[in-house]
Amino acid sequence: MKEPCLVYSFVNSNSDGDFELEMAKNTPCQVHIFHCDSGLPKGLTHEKITGHQKCLSSKSLFSSPQYLTIPTIRKSLNHDQIHILKVDLKGTEAFAFKDWLPTDKFLPHQLIVQVHLTTFTTEETLLIFNQLFHLGYRITNRNYSKKDVNSMEFTLLRVRCI
């Protein structure tokens, strides 16, 4: 991965921060972790990791200073491009993609999405992935969670023809 590299990770309270720490240690990436309550998982420290007490949402859902869209967060942190976006879809995060357009310049190169099968209906899950498909994302990997039998993690890459 070429420098500069930027990772945004929206975690939940059960996150151990393993992915984020590995990215910070083994890549040239700067890692920004977003969590509604604390900013960083307990005990997670590294010079390339920054925590933020912010939540991900759609612009049409909330107008709270804590619930922000990716473009708003990116602009407030003065970042041009997000290379990897990791999102744990448990609530409002699922709606963050609905305002995105295929022509948006900020769209991340790679998404890692954890879907909780007990949070969303099959139809809601299909709508999320349909939106991602129309944005140019294709699933490249799928894993069952080792910690939560009711969740799956998907890796998606954005495919663009030039």
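Residues numbered from 1 in each chain as written. Predicted model: local features only at pLDDT ≥ 70, side-chain atom pairs only at ≥ 80, totals over all residues. Heavy atoms only, no water.

Engineer: How do you make sense of the pattern of salt bridges when you look at a structure like this?
Structural biologist: One pass over the full model with this rule turns up two salt bridges. Note that Glu 20 and Lys 86 form a salt bridge whose closest N and O atoms lie 3.6 Å from each other. Note that Glu 20 is positioned in helix H1 (residues 18-26) and Lys 86 in strand E6 (residues 84-89), a separation of 66 residues in sequence. According to the relative accessible area criterion, Lys 86 is buried, its value standing at 15%. The closest approach of N and O atoms between Asp 99 and Lys 98, which form a salt bridge, is 3.9 Å. (Salt bridge = Lys/Arg side-chain N within 4 Å of Asp/Glu carboxyl O. Helix = DSSP H or I, 4+ residues; strand = E, 2+ residues; numbered from the N terminus. Buried < 20%, exposed > 50% of the residue type's maximum accessible area, 1.4 Å probe, protein only.)

Engineer: It is not clear to me how the nonpolar core should be interpreted in this structure. Could you clarify?
Structural biologist: A general trend in soluble globular proteins is that nonpolar side chains are found buried together. Formed by 30 residues in total, the largest nonpolar core has its most connected members in Tyr 8, Phe 10, Ile 70, Leu 85, Leu 89, Trp 100 and Leu 132. Not counting the four nearest positions on each side in its chain, Leu 85 is found in contact with Tyr 8, Phe 10, Ile 70, Phe 97, Trp 100, Pro 108, Gln 110, Leu 111 and Ile 112. Residues Val 7, Met 23, Leu 44 and Ile 84 belong to the second largest nonpolar core, which totals twelve residues. (Core = buried A, V, L, I, M, F, W, Y, C linked by side-chain atoms within 4.5 Å. Contact = heavy atoms within 4.5 Å.)

Engineer: Which parts of the structure should I look at to understand the sheet that holds strand E8 (residues 137-144)?
Structural biologist: Taken in spatial order, the seven strands of this open sheet run E3-E2-E1-E6-E7-E9-E8, and their pairing is mixed. Looking along the sheet, the strands with just one partner apiece sit at the ends: strand E3 (49-52) and E8. Neighbour-to-neighbour, the strand axes of this sheet turn through a mean angle of 15°, independent of strand direction. As paired strands, E6 and strand E7 (residues 110-116) are joined by six bridges and run parallel to one another. Each bridged residue has a counterpart across the sheet, and for Leu 89 the counterpart in E7 is Val 115. Against the sheet, H1 engages strand E1 (5-10), strand E2 (29-34), E3, E6 and E7, with an angle of about 160° to E2. Packing of helix H3 (residues 122-134) onto the sheet brings it into contact with E6, E7, E8 and strand E9 (151-158), and relative to E8 it is tilted by some 140°. (Pairing = 2+ DSSP bridges. Axes fitted to C-alpha atoms, helices over the stretch in contact; angles between N-to-C directions.)

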